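Survey of secondary and tertiary structure
So you can see what is in the structure, the chains are spelled out below.
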Amino acid sequence: MADPKELSGIVLSRDPAGERFLRIRIFDPIAGLRVSLFGLPGKRRQKTSPPDLFDEVECIISPPKTDFCIPFVEDFRTIKSYRELATKPKAFIIASEIARFYLNNGSHLLDPGPRLELLHSSLSSFQRTEFPQVILLKLYYRFARDEGLPVRESWLTSLPKSLLEVTQEMLRLPVDQVTVCPGKMCEVLESLKNWMNAETELRVE
């Protein structure tokens, strides 16, 4: 068997894989979205519980024997936890939307590193605002912009005046300085999602 390799990043999903394993998807700064198997405690000498959703981890993995096998995590350590999101239902819902967005769009990025930095900063921002939807808006906008998509030229400038000014303010201000009408925020987010799904290869649920 080849020497173990490293995998690091943020955990975006955890799903059962039989009785002995969890299938965990991690967004890595080099490889983008990766899938690995974690043994449950007591199985295959695994002594610790698998990481939680949104944990930042560093893993040692055994390369799969074939291209069709999922690598197994030999060992890992948690660098940072965002466990506090579970105590804030609104923030957790928005964080889960961010995770789904990365799961849908994180497999074929040319440069995943900056997208991981964006994910880090977004998850850290939940402690600084009572309006978690603002974090989602900023993430969608920056992700599309950094992918070279004309989100400003094609989407932002096409907004009606009643939404354009408030959207520009939300994108410009730090999250802890943004106050927003929930109704307008829903309109802006829905408009951006529709544009991304219709005009780009990015997919938003």
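Please refer to the structure higher up on the page.
Okay, so let's go over this structure. (Residues numbered from 1 in each chain as written. Predicted model: local features only at pLDDT ≥ 70, side-chain atom pairs only at ≥ 80, totals over all residues. Heavy atoms only, no water.)

**A word on the overall build of the protein**
- Scanning the protein for helices and strands turns up six helices and five strands.
- Its helices and strands in sequence order give the protein the pattern β-β-β-β-β-α-α-α-α-α-α, from N to C terminus.
- Along the three orthogonal principal directions, the C-alpha set of the protein runs to about 60 × 35 × 25 Å.
- Pairs at least 24 residues apart make up 60% of the contacts formed inside the protein by residues separated by at least 6 positions.
- For the protein, the accessible area works out to roughly 11300 Å², and carbon and sulfur atoms hold 50% of it.
- Taken together, the 28 basic and 28 acidic charged side chains of the protein have centroids lying 4 Å from each other. (Helix = DSSP H or I, 4+ residues; strand = E, 2+ residues; numbered from the N terminus. Contact = heavy atoms within 4.5 Å. Areas by Shrake-Rupley, 256 points an atom, 1.4 Å probe, with all protein chains shown as cover. Lys, Arg positive; Asp, Glu negative; His and termini not counted. Charge placed at Lys NZ, Arg CZ, Asp CG, Glu CD.)

**Observations regarding the packing of aromatic side chains**
- On inspection of all chains with the given rule, the structure shows nine aromatic pairs.
- Relative to Phe 143, the ring of Tyr 102 lies with its centre 5.5 Å away and its plane at 85 degrees, an arrangement referred to as edge-to-face. Pair noted here: Tyr 102 is in helix H1 (residues 89-105) and Phe 143 is in helix H3 (residues 132-146), with a separation of 41 residues, a long-range link.
- Residue classification places Phe 143 among the buried positions, given a relative accessible area of 0%.
- Linked through ring pairs, Phe 27, Phe 101, Tyr 102, Tyr 140 and Phe 143 together constitute an aromatic cluster.
- Note that Lys 80 overlies the ring of Tyr 82, its terminal NZ or CZ placed 5.1 Å from the centroid.
- In this structure, Arg 115 packs its charged tip against the face of Phe 143, placed 5.8 Å from the ring centre. (Phe/Tyr/Trp six-rings, centres within 6.5 Å; stacked < 30°, edge-to-face > 60°. Buried < 20%, exposed > 50% of the residue type's maximum accessible area, 1.4 Å probe, protein only. Lys NZ or Arg CZ within 6 Å of the ring centre and 35° of its normal.)

**Some remarks on H3**
- Over its 15 residues, H3 extends 21 Å from the first C-alpha to the last, a length consistent with the 21 Å expected when each residue adds 1.5 Å.
- Most of H3 sits out of view: 11 of its 15 residues are buried.
- Three or more residues of H3 are buried, namely Pro 132, Val 134, Ile 135, Leu 136, Leu 137, Lys 138, Leu 139, Tyr 140, Tyr 141, Phe 143 and Ala 144.
- For H3, the secondary structure elements touched by its buried residues are H1, helix H2 (112-125), helix H4 (151-155), helix H5 (161-172) and helix H6 (182-199).
- Positive backbone phi, approximately 85 degrees, marks Gly 148, located one or two places after H3. (Expected span 1.5 Å × (residues − 1).)

**Thoughts on the pattern of salt bridges**
- The full count for this structure, using the stated rule, is seven salt bridges.
- A salt bridge links Arg 25 to Asp 15; its shortest N-O distance comes to 3.3 Å. Here Asp 15 lies in strand E1 (residues 5-17) and Arg 25 lies in strand E2 (residues 21-28), a separation of 10 residues in the sequence.
- Arg 83 is the partner of Asp 52 in a salt bridge, and the nearest nitrogen-oxygen pair spans 3.0 Å. Taken together, the residues span a long stretch of sequence, with Asp 52 in the loop between strand E3 (32-39) and strand E4 (56-62) and Arg 83 in the loop between strand E5 (72-80) and H1 at a distance of 31 residues.
- Judged by its relative accessible area of 52%, Arg 83 is exposed. (Salt bridge = Lys/Arg side-chain N within 4 Å of Asp/Glu carboxyl O.)

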